[in-house]
Amino acid sequence: MSGDSDCTRTSPSAGSPSDNEFLPDRPKYVCSLAPDLITKAREELQEKPEWRLRDVQALRDMVCKDYPSLGTCLDDAFLLRFLRARKFDYDRALQLLVNYHTCRRSWPEVFNNLKPSTIKPVLESGFVTVLPHLDPEGRHVVCIRPDRWTPSNYPITENIRAIYLTLEKLIQSEETQVNGIVILADYKGVSLSKASHFGPFVAKKVIGILQDGFPIRIKAVNIINEPRIFKGIFAIIKPFLKEKIANRFFLHGCDLNSLHQNIPPVILPEEYGGTAGKLDISAWNELLLASEEDFLHDFSQLVLPCDSSPHDMLVSGDADEKQCDDSLRGMKPQLYYCY
């Protein structure tokens, strides 16, 4: 994610012989995708290798023209994440990039001093990890286990920080940019008191980031071992979900056979009826913690401008705030009823 964020140094059209004269410090993009993924990106994301750098330059020009003070990284590889996440629609990719920065500015409890070492207790608890094996579609499986969190130890925002850094690490891979990810959430043992921490304000923020503020494709959310209380949790979440995302939620209850229809046992740990051995969180923890310097460098490229405007972000607004307030008033009755 390194690169120059000064729009005054933006090059002319992609492929111009003078590019390197204008931007000597910007790393040159080299595609790492295998031929089959290049084909997949062309078919599913409208990505044409012969036009790729032209498209990146077009997005860069739009940033510099419309948001010169955004304070964003302008590297080819970084901007390409946003184009892929929005199927190379320039306008939608630009809005996603603006949302990405607006999310980071609007929630300091999550984004201040964000680095792996600060969320080590969350990682050690096993709240979030990534399974070691890819699914048949080449997607990483992010495993979230809320029962591993003890609210008296640290606030819920620490969990969100850990999830965010996990996604940031995963999206560095071009394969993940094309294939997307799958989420496996185990709600075993989630009590009413723990569920109450995930109110409409937090739900709206998290979903706003995942849907509209982060360049990743969430292809499926598998919920396992959900108690009756989850009906109340989902009632809080659903108003903020787009229909496409809502349709990607699969509630399996305690039915492992149902889970295995979405995630094959060969990549699942024994805890979920799989054959991949015991769930081991150490490998992912070590990988993420070893990326400390990379994150410090990457996030240093994201300058917070002092003249940011709330209207830049599409996922906020009066209607959403009213919806959030209405949901908050109805939250506890829903939760107690389901419990």
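Residues numbered from 1 in each chain as written. Predicted model: local features only at pLDDT ≥ 70, side-chain atom pairs only at ≥ 80, totals over all residues. Heavy atoms only, no water.

Participant: How should the overall build of the protein be read in this particular structure?
Facilitator: Regarding its fold elements, the protein presents 17 helices and five strands. Out of the 339 residues belonging to the protein, those deemed buried represent 54%. If you sum the accessible surface of the protein, you get close to 15800 Å²; carbon and sulfur atoms cover 53% of it. (Helix = DSSP H or I, 4+ residues; strand = E, 2+ residues; numbered from the N terminus. Buried < 20%, exposed > 50% of the residue type's maximum accessible area, 1.4 Å probe, protein only. Areas by Shrake-Rupley, 256 points an atom, 1.4 Å probe, with all protein chains shown as cover.)

Participant: Is there a simple way to think about the packing of aromatic side chains in this case?
Facilitator: Two aromatic rings, taken as a pair, are described by how far apart their centres are and by the angle between their planes. In total, this model carries eight aromatic pairs according to the counting rule given. Taking 5.4 Å as the distance between ring centres and 80° as the angle between the ring planes, the aromatic pair formed by Phe82 and Tyr100 counts as edge-to-face. On the criterion of sequence distance, the pair formed by Phe82 in helix 4 (residues 76-85) and Tyr100 in helix 5 (residues 90-106) is long-range, its members being 18 residues apart. Owing to a relative accessible area of 0%, Phe82 belongs among the buried residues under this scheme. Overall, Tyr100 belongs to the buried group, its relative accessible area being 1%. Between the aromatic rings of Tyr164 and Phe214, the centroid separation amounts to 5.2 Å while the plane-to-plane angle is 75°, which identifies the pairing as edge-to-face. With Tyr164 in helix 8 (residues 156-171) and Phe214 in the loop between helix 11 (200-212) and strand 4 (218-224), the pair connects residues that are 50 residues apart, well separated along the chain. Judged by its relative accessible area of 4%, Tyr164 is buried. Taken together, Phe78, Phe82, Tyr100, Phe111, Tyr164 and Phe214 form an aromatic cluster joined through their ring pairs. Its guanidinium or amino end placed over the ring of Trp51, Arg54 lies 4.6 Å from that ring's centre, counting from NZ or CZ. (Phe/Tyr/Trp six-rings, centres within 6.5 Å; stacked < 30°, edge-to-face > 60°. Lys NZ or Arg CZ within 6 Å of the ring centre and 35° of its normal.)

Participant: Can you help me understand the side chain of Arg86 in this one?
Facilitator: Its place among the elements puts Arg86 in the loop between helix 4 and helix 5. Although Arg86 is buried, it forms no salt bridge, and the closest oppositely charged side chain is Asp212 at an N-O distance of 4.4 Å. Excluding residues within four positions of it along the chain, Arg86 makes contact with Arg92, Ala93, Leu96, Gln211 and Asp212. (Lys, Arg positive; Asp, Glu negative; His and termini not counted. Salt bridge = Lys/Arg side-chain N within 4 Å of Asp/Glu carboxyl O. Contact = heavy atoms within 4.5 Å.)

Participant: Even after reading the chapter, I still don't get the environment of Ser196, so can you show me in this structure?
Facilitator: For Ser196, the position within the fold is in the loop between helix 10 (192-195) and helix 11. Note on Ser196: relative accessible area 37%, which makes it partly exposed. In sequence terms Ser196 and Gly232 are 36 residues apart; their C-alpha atoms lie 9.8 Å from each other.

Participant: Whenever I open this one, helix 16 (residues 292-300) confuses me. Can you help?
Facilitator: Note on helix geometry: an α-helix contains 3.6 residues per turn, so any two residues three or four positions apart are oriented the same way. Those residues of helix 16 lying buried are Glu292, Phe295, Asp298 and Phe299. Buried residues of helix 16, seen end-on, are gathered within an arc of 130° and therefore sit on one face of the element. Taken together, the buried residues of helix 16 touch helix 5, helix 8 and helix 15 (282-289). (Arc of directions from axis to C-beta.)

Participant: What is the right way to read the confidence of the model for the protein from this model?
Facilitator: Segments scoring low in pLDDT should not have their predicted coordinates read at a detailed level. When pLDDT is averaged along the protein, the result is 85, and 81% of the positions lie at 70 or above. Throughout residues 1-5 the model reports pLDDT below 50, and contacts reaching past four residues in sequence, or to other chains, amount to 31 contacts. (pLDDT = per-residue confidence, 0-100.)

Participant: Looking at this structure, how should I read the nonpolar core?
Facilitator: The tendency in soluble globular proteins is for nonpolar side chains to be buried side by side. Within the largest apolar cluster, 79 residues are counted, with the highest numbers of intra-cluster contacts made by Phe78, Trp107, Ile181, Phe198, Phe214, Ile233 and Leu241. Residue-level mapping places this core at the junction of two domains, with at least three residues from each of domain 1 (35-106) and domain 2 (112-291). Once residues within four sequence positions are removed from consideration, Phe198 is found in contact with Ile156, Ala203, Val206, Ile233, Ile236 and Ile237. Residues Val141, Cys143, Ala220 and Leu279 belong to the second largest nonpolar core, which totals 13 residues. (Core = buried A, V, L, I, M, F, W, Y, C linked by side-chain atoms within 4.5 Å. Domains from an automatic or database assignment.)

Participant: Even after reading the chapter, I still don't get the environment of Thr150, so can you show me in this structure?
Facilitator: By the element assignment, Thr150 lies in the loop between strand 2 (140-144) and helix 8. When its relative accessible area of 37% is taken as the criterion, Thr150 is described as partly exposed. It is 9.9 Å that separates the C-alpha atoms of Thr150 and Phe127, two residues lying 23 residues apart in sequence.

Participant: Can you walk me through the pattern of salt bridges in this structure?
Facilitator: If the charged atoms of two oppositely charged side chains come close together, the side chains can form a pair. One pass over the structure, following the stated rule, counts 12 salt bridges. Linking Glu44 and Arg217 is a salt bridge whose minimum nitrogen-to-oxygen distance equals 3.9 Å. Here Arg217 lies in the loop between helix 11 and strand 4 and Glu44 lies in helix 2 (residues 35-45), a separation of 173 residues in the sequence. On the basis of relative accessible area, Glu44 is assigned to the partly exposed category, the value being 34%. Across the pair Glu174 and Arg84 runs a salt bridge, and its minimum N-O distance is 2.8 Å.

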